[in-house]
Amino acid sequence: MANRIPGIFLAASLGAVLTPTQAVTLSGQVDADGQPLAQVVITAEPKGSNSAAKPKTKPKPLALDQKGREFLPHVLAVQTGTPVFFPNSDDIKHHVYSFSPAKRFEIKLYSGTPAKPILFDRPGVVVLGCNIHDWMLGFVFVTDSEYVTQTDSEGHWTLDLPPGDYRLSLWHPDAVDGAVGMANLPVPATSPLHYTLTLKTHRPSGKPPYSLQMQEYDGF
């Protein structure tokens, strides 16, 4: 039987026969308006004493690039405590900043890759901008959970979870209210889950204006 939460589409499938400590590969797909949706953040948080705790590991450094006068990827999901480099792969300068409570920072006008990464040490959504190119928009989703992944270009995702009870949440910047829903999920599950996602009417892409995409740009 399908479970439904307003605002999400999620198709998930699980193996049927497991030992108490054997990890389960949870897989699914997210779409909106009948189309696959990429870069959706899926987070599973263990609940109660029955959930198997994953040993804490030190997050490895990641990178969020600037190329073609946009942030790539548009959305980056990281665990709390992850250092993130902001390389500039363009032949023009960028000025990255965020005023978000989860991480306020600024990397002033620069080329190449700064020597030091930015440490994302608090959970929350960090909205990125460029002080030179107003259209540039990116997001860093910071979570305390070590069970986090994102959908690919076809909306597919997978998570390996030990058996137990989890709170499953999905987030995308274009979803209504950002957080697109939450479900209580027993792992292993006995049936696929299906949800439907609703997007905002106005959705900034973070990409350069069309007129600039069609010509060389000689600015900073």
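This text goes with the structure placed above it.
This one's a predicted model, so the numbers in the text were calculated from it and none came from an experiment. (Residues numbered from 1 in each chain as written. Predicted model: local features only at pLDDT ≥ 70, side-chain atom pairs only at ≥ 80, totals over all residues. Heavy atoms only, no water.)

Engineer: I'd like a rundown of the environment of Phe71, residues and numbers included.
Structural biologist: Inspection of the secondary structure puts Phe71 in strand β7 (residues 71-72). Residues Phe71 and Cys130 lie 59 residues apart in sequence; the distance between their C-alpha atoms is 9.3 Å. Other than its neighbours up to four places away in sequence, Phe71 contacts Leu64, Asp65, Gln66, Val96, Leu128, Gly129, Cys130, Met136, Leu137 and Gly138. (Helix = DSSP H or I, 4+ residues; strand = E, 2+ residues; numbered from the N terminus. Contact = heavy atoms within 4.5 Å.)

Engineer: For the packing of aromatic side chains, give the residues involved together with the corresponding values.
Structural biologist: Using the criterion set out here, one finds 7 aromatic pairs in the structure. When the centroid spacing of 6.0 Å and the interplanar angle of 65° are considered together, the rings of Phe139 and Trp171 count as edge-to-face. Here Phe139, found in strand β14 (residues 137-143), pairs with Trp171, found in strand β17 (residues 164-171); they are 32 residues apart in sequence, far enough to count as distant. Here Phe139 and Trp171 have matching classes, each one buried. (Phe/Tyr/Trp six-rings, centres within 6.5 Å; stacked < 30°, edge-to-face > 60°. Buried < 20%, exposed > 50% of the residue type's maximum accessible area, 1.4 Å probe, protein only.)

Engineer: Before we move on, could you go through unusual backbone geometry and cite the residues and values that matter?
Structural biologist: Here the residue pair Leu72 and Pro73 is connected by a cis peptide bond, since its omega of 0° sits within 30 degrees of zero. Positive phi values are uncommon outside glycine, yet Arg69 reaches one of about 60°. Locating Arg69 in the fold gives a position in the loop between β6 (65-66) and β7.

Engineer: Quick one: what's the story with the sheet that holds strand β12 (residues 118-120), residue by residue and with numbers?
Structural biologist: Spatially, the 3 strands line up as an open sheet ordered β5-β9-β12, and their pairing is mixed. Every interior strand has two partners, whereas the edge strands, β5 (62-63) and β12, have only one. Of the strand pairs in this sheet, strand β9 (residues 82-85) and β12 are connected by 3 bridges, and their pairing is antiparallel. Bridge assignment links Val84 to a residue of β12, and that residue is Ile118. (Pairing = 2+ DSSP bridges.)

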